[in-house]
Amino acid sequence: MTGSFKSLTWKQTHLVVFSALFFAIVVFMVEIALVVISTKQQLILKQQELLSSVEQPAANAVWALDDNLARQTLQGAIKVEHLAAAQIILDDGSDFVAVSNPKAEYSHPFTLLSRWLFADLETVSHLLYRPSYFEGTQANQQIGTLTLRYDTQDLTDTLFSQLRLSFLATLARALLLTLVLSLVFHRFLTQPIARISEAIDKIDTDSPDENLLPMATAHKDDELGLVTSKFNQILIQFSRTQSKLRKMATRDPLTGLPNRALLLETLASTIQKSRLHKRNFALLFIDLDRFKNVNDSLGHALGDQFLARIARILERVVGDQGSVARLGGDEFVILADEVQTADQAADFVDKLLSQLNTPVQLNEHAIHPAASVGISIYPEDGHCAEDLIRHADIAMYSAKASGSNQWAFFKQQMTERAAVRLRTEASLHDALKNEEFVLHFQPKFDLNTGKVIGCEALIRWQKEGRLISPMSFIPVAEETGIIIPIGRWVIEESCKVIRHWQKKYQYAIPIAVNVASQQFADASLVPDIKQLALRYQIPPELLEIEITETSLINDIELAINKLQQLKSAGFGIAVDDFGTGYSSLSYLRHLPITTMKIDRGFVSDLPGDSAIAATILMLGQQLNLNIVAEGIENEQQLDWLKAHNCAIGQGFYFSQPLPLSEFESRYIQAHDTKVSLL
């Protein structure tokens with residue numbers, strides 16, 4: 001409230017007082033005018049009465065020249081109120097008798113006022129005639145003049161003495177009315193407004209509907225009540241709108257869970273309490289495995305329903321042990337403020353995953369949820385909300401790298417690896433521009449004849465004079481999406497090499513190129529491969545596309561369609577790392593593939609653990625596919641594969657991946673070269 005504030009009651013009292021005084025003065029002036037007029041009329045009447053009463057005695061005294069009688073008559077007349085003097089003048093103009101009363105002294109302004117009001121009545125004269133009972137020839141003979149002079153100043157003083165009392169009475173009535181009106185206005189108007197003002201000061205901006213304005217009973221049906229009612233409606237509506245905005249700002253619209261903003265607030269509050277009470281708590285970062293498959297295969301509507309169901313499952317599992325938030329997409333965070341130790345966190349996550357793995361029924365589809373969970377512990381893994389979330393996120397990626405439905409705690413080395421990953425990602429963006437990638441080629445041999453029948457193109461990163469293994473940058477490229485332009489570069493370089501061999505040696509062998517899952521999902525893959533083969537004029541059978549089994553299961557129908565297009569165009573199709581994925585064998589017979597590769601993990605177990613390798617060989621032979629064993633490293637593995645009719649093999653036992661020039665000199669210039677070991 002500012003310093004210049006003036007009470008409405010005070011202003012109202014001033015207004016009423018001045019208004020009352022103004023009207024009192026106006027009424028008084030009107031009253032003066034009326035009283036003056038009335039006094040004049042009464043004075044005229046009294047003058048006539050007085051003249052009538054003294055006319056006859058005065059005429060008799062003049063006629064008889066009896067000055068004593070005349071004086072007695074005039075002395076009796078001047079006893080009349082306000083009469084100052086009386087005089088009889090004979091008809092010849094001489095004074096006969098004159099009497100007067102003592103005259104009071106008045107101020108000059110008062111004298112002027114009295115003259116202004118009663119100047120025309122100050123003196124009155126009346127002619128005296130010979131008495132009628134005397135005989136004579138002149139019945140109306142004038143014998144003198146009677147003159148009466150009134151004291152108008154005394155009359156004015158008497159009049160104003162009466163008016164003064166009237167004015168004071170009027171003023172008293174006005175002031176009393178002012179007081180009564182002020183009290184009434186204060187009681188019925190300004191006091192309710194003051195209460196409303198106090199109530200407005202108490203309004204909480206966070207919950208305005210909890211402090212509504214008071215409604216006075218006397219004002220329910222008037223303008224003040226209407227204003228109060230409307231203002232309360234505004235407060236209620238504002239509170240509802242504010243609640244909606246707060247919910248929109250702090251809640252995920254799909255699941256109703258707290259969003260990142262509310263999570264950060266809750267985390268900050270939990271950290272403060274935990275610091276005060278020296279307590280620990282756990283933060284879980286959850287990422288659903290293969291959620292993209294659900295979205296792509298069932299559509300976004302069912303995908304959203306799936307996320308909402310997952311949110312309810314997480315809330316049910318967490319219960320009163322913490323809170324659940326959704327960061328976006330398929331990422332959730334659990335603040336488990338009742339979990340104190342790493343052992344408790346591990347038990348909690350095991351219980352969470354067991355509940356989460358229960359199949360979810362959406363329409364006619366049964367979905368088996370799975371998740372990767374990263375765990376950070378306060379204060380060991382961070383002292384602020386952002387650090388705890390970031391470290392749990394890093395731990396989640398570590399868990400995801402171990403497979404589906406895995407969890408991991410945050411460790412400091414994970415942060416270091418993340419920093420390396422960020423640097424690698426930044427460098428990868430420039431690697432293509434700077435032509436830092438090169439291809440090495442690993443030969444494939446016919447295990448029966450020892451002849452080179454093909455090769456696999458393997459990318460290397462040549463940076464600052466050293467070769468970087470693809471194991472160091474391919475995972476980062478896949479995570480960031482850079483793998484798509486890198487993969488296209490590999491295909492184009494392979495086409496260039498085939499064209500180079502054809503032109504220089506009139507001979508070429510098939511080159512197999514690996515296509516990552518993200519690259520295979522890209523809509524431009526098939527058109528790009530066809531366009532590059534056409535541009536470099538290479539036979540399509542000299543380019544073999546290797547895809548992983550996990551690339552197929554994301555969307556099997558779409559995969560079959562793409563592979564069919566490539567096979568129809570003449571390109572070779574190979575499934576790499578077969579047996580390591582989760583696809584159903586029932587799909588295998590529908591895939592338009594030409595080659596199946598036995599993963600190096602199964603070859604390394606030979607000849608001891610040979611069940612899986614034998615099964616893959618039998619399956620490939622039944623489906624009339626080419627079988628390639630990769631990762632052959634010793635003679636025992638080679639002997640087992642030859643004994644079980646595996647036609648093609650590659651591995652360090654024969655040759656490491658070689659630079660283009662070395663590979664050409666060994667296997668392309670003398671293209672009938674065989675491996676002596678075979």
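Residues numbered from 1 in each chain as written. Predicted model: local features only at pLDDT ≥ 70, side-chain atom pairs only at ≥ 80, totals over all residues. Heavy atoms only, no water.

With respect to the nonpolar core
How we decide: Residue types Ala, Val, Leu, Ile, Met, Phe, Trp, Tyr and Cys, when buried and joined through side-chain atoms within 4.5 Å, form a set referred to as a nonpolar core. Buried, partly exposed and exposed residues are distinguished by accessible area as a fraction of the type maximum, computed with a 1.4 Å probe on protein chains only: under 20%, between the cut-offs, and over 50%, respectively. Numbering of helices and strands runs from the N terminus, with a helix taken as a DSSP run of H or I at least four residues long and a strand as a DSSP run of E at least two residues long. Whether two residues touch is decided by their heavy atoms; if any such pair falls within 4.5 Å, the residues are in contact.
Ranked by size, the top nonpolar core spans 81 residues in total, and within it Leu428, Phe437, Ile459, Trp501, Ile511, Ile545 and Phe663 carry the most contacts. When residues in this core are grouped by element, the largest group, 10 residues, is from helix H13 (residues 483-505). With residues near it in sequence (within four places) discarded, Ile545 still touches Val513, Val515, Ile529, Leu566, Gly572, Ile573 and Ala574.

As for the pattern of salt bridges
Spelled out, the test is: Any Lys or Arg side-chain nitrogen located within 4 Å of an Asp or Glu carboxyl oxygen qualifies as a salt bridge.
In the structure shown here, the tally under the stated rule is 17 salt bridges. A salt bridge links Lys444 to Glu544, with the shortest nitrogen-to-oxygen separation between them at 3.2 Å. Taken as a pair, Lys444 in strand E12 (residues 437-446) and Glu544 in strand E16 (residues 543-548) lie far apart in primary sequence, 100 residues in all. Taking relative accessible area as the criterion, Glu544 reaches 13% and is therefore assigned buried. For Glu456, the salt bridge identified is with Lys597, shortest N-O distance 3.1 Å. Taken together, the positions of Glu456 in strand E13 (residues 452-463) and Lys597 in strand E18 (residues 595-598) put the pair 141 residues apart, joining distant regions of the chain. Comparing Glu456 with Lys597, the two get one shared label, buried. A network of salt bridges, in which partner residues are shared, links Lys444, Glu456, Glu544, Glu546, Lys597 and Glu630.

Topic: the sheet that holds strand E1 (residues 83-90)
Quick reminder of the rule: Paired strands, in this sense, are two strands between which DSSP finds at least two bridges. Each axis is a line fitted through C-alpha atoms, and for a helix only the stretch in contact is used; angles between axes span 0 to 180 degrees, taken between their N-to-C directions.
The sheet built from 4 strands is open, its strands ordered E2-E1-E4-E3 with antiparallel pairing. The open sheet terminates on both sides in strands that have one partner only, identified here as strand E2 (95-100) and strand E3 (123-129). Within this sheet the neighbouring strands show an average axis-to-axis angle of 15°, counted without direction. With 7 bridges connecting them, E1 and strand E4 (residues 142-150) associate as antiparallel partners. When the bridges of E4 are listed, Gln87 appears paired with Thr147. Those strands touched by helix H2 (residues 67-77) are E1, E2 and E4, and its axis lies near 30° from that of E2.

Quick notes on helix H10 (residues 385-401)
To keep things clear, this is the line we draw: Multiply 1.5 Å by the residue count of a helix minus one, and that product is the helix's expected span.
Between its terminal C-alpha atoms H10 stretches 25 Å, which fits the 24 Å expected from 17 residues at 1.5 Å a residue. Within H10 the residues assigned to the buried category are Ala385, Leu388, Ile389, His391, Ala392, Ile394, Ala395, Met396 and Ala399. The positive-phi residue at the C-terminal boundary of H10 is Gly403, with phi of around 125°.

Here we look at H2
Rule in force here: The arc in question is the one spanned by the directions pointing from the helix axis to the C-beta atoms.
Turning to H2, its buried residues are Ala70, Thr73, Leu74 and Ala77. All buried residues of H2 fall inside an arc of 95° around its axis, so they share one side.

Observations regarding the sheet that holds strand E10 (residues 371-378)
Across the sheet, which stays open at both edges, the 5 strands sit in the order E6-E7-E5-E10-E11 with mixed pairing between neighbours. The sheet is open, and its two edges are formed by strand E6 (323-328) and strand E11 (407-409), each paired on a single side. Across the sheet, the axes of successive neighbouring strands diverge by a mean angle of 20°, strand direction being ignored. Judged from the 6 bridges that link them, strand E5 (residues 281-288) and strand E7 (residues 331-336) form a sheet pairing that is antiparallel. Note on E7: the bridge partner recorded for Phe285 is Val333. Lying on the sheet, helix H8 (residues 300-318) is in contact with E5, E6 and E7; it crosses E7 at an angle near 10°.

Let's talk about the packing of H13 against helix H22 (residues 660-668)
Here is the rule we go by: In these notes the angle categories are as follows: under 35 degrees is roughly parallel, over 145 is roughly antiparallel, 65 to 115 is roughly perpendicular, and the rest is oblique. Put simply, a crossing is left-handed when the front helix is turned counterclockwise from the back one by less than a right angle, and right-handed when it is turned clockwise.
Packing of H13 against H22 brings their axes to within 13 Å, and their N-to-C directions diverge by 45°. Relative to H22, the element H13 lies oblique. With respect to the hand of their crossing, H13 and H22 are arranged in right-handed fashion. Between H13, through Val497, His500, Trp501 and Tyr505, and H22, the contact on the second element is made entirely by Leu660, Phe663, Glu664 and Ile668.

Describing the packing of helix H7 (residues 291-298) against H8
Basically, it comes down to this: Three classes are used, and their members are as follows: Ala, Val, Leu, Ile, Met, Phe, Trp, Tyr, Cys and Pro are nonpolar, Asp, Glu, Lys and Arg are charged, and the others, Gly among them, are polar.
Where H7 meets H8, the axes come as close as 7 Å, and the angle between the chain directions of the two elements is 140°. Here H7 lies oblique to H8, going by the angle between them. Of H8, the residues touching H7 (which contributes Phe291, Val294, Asn295 and Leu298) are His300, Leu302, Gly303, Phe306 and Leu307. Within the contact of H7 with H8, the residues separate by chemical class into 6 nonpolar, 3 polar and no charged.

Comments concerning unusual backbone geometry
Residue Pro379 is bonded to the preceding Tyr378 through a cis peptide linkage, with omega at 0°. When you line up the elements, Pro379 lands in the loop between E10 and H10. Cis geometry marks the peptide bond from Leu606 to Pro607; its omega dihedral reads 0°. Notably, Lys278 is not glycine yet its phi reads approximately 55°, a positive angle.

Thoughts on the side chain of Asp289
Counting through the fold element by element, Asp289 comes out in the loop between E5 and H7. You can call Asp289 buried: its relative accessible area is 11%. Every residue in contact with Asp289, bar those within four places of it in the chain, is listed here: Ala370, Ala371, Ser372, Lys400, Ser404 and Asn405.

With respect to the UniProt feature "transmembrane region" (unreviewed entry) in the chain
Rule in force here: UniProt positions are given in the numbering used here, feature names are shortened, and annotations may be inferred rather than shown by experiment.
Sequence positions flagged by UniProt for "transmembrane region" (unreviewed entry) are, in local numbering, residues 15-37 and 165-185. Helix makes up 100% of residues 165-185 and strand 0%. Its end C-alpha atoms lie 30 Å apart.

Re the environment of Gln48
Among the structural elements, Gln48 can be located in helix H1 (residues 8-63). Residue classification places Gln48 among the partly exposed residues on the basis of a relative accessible area of 44%.

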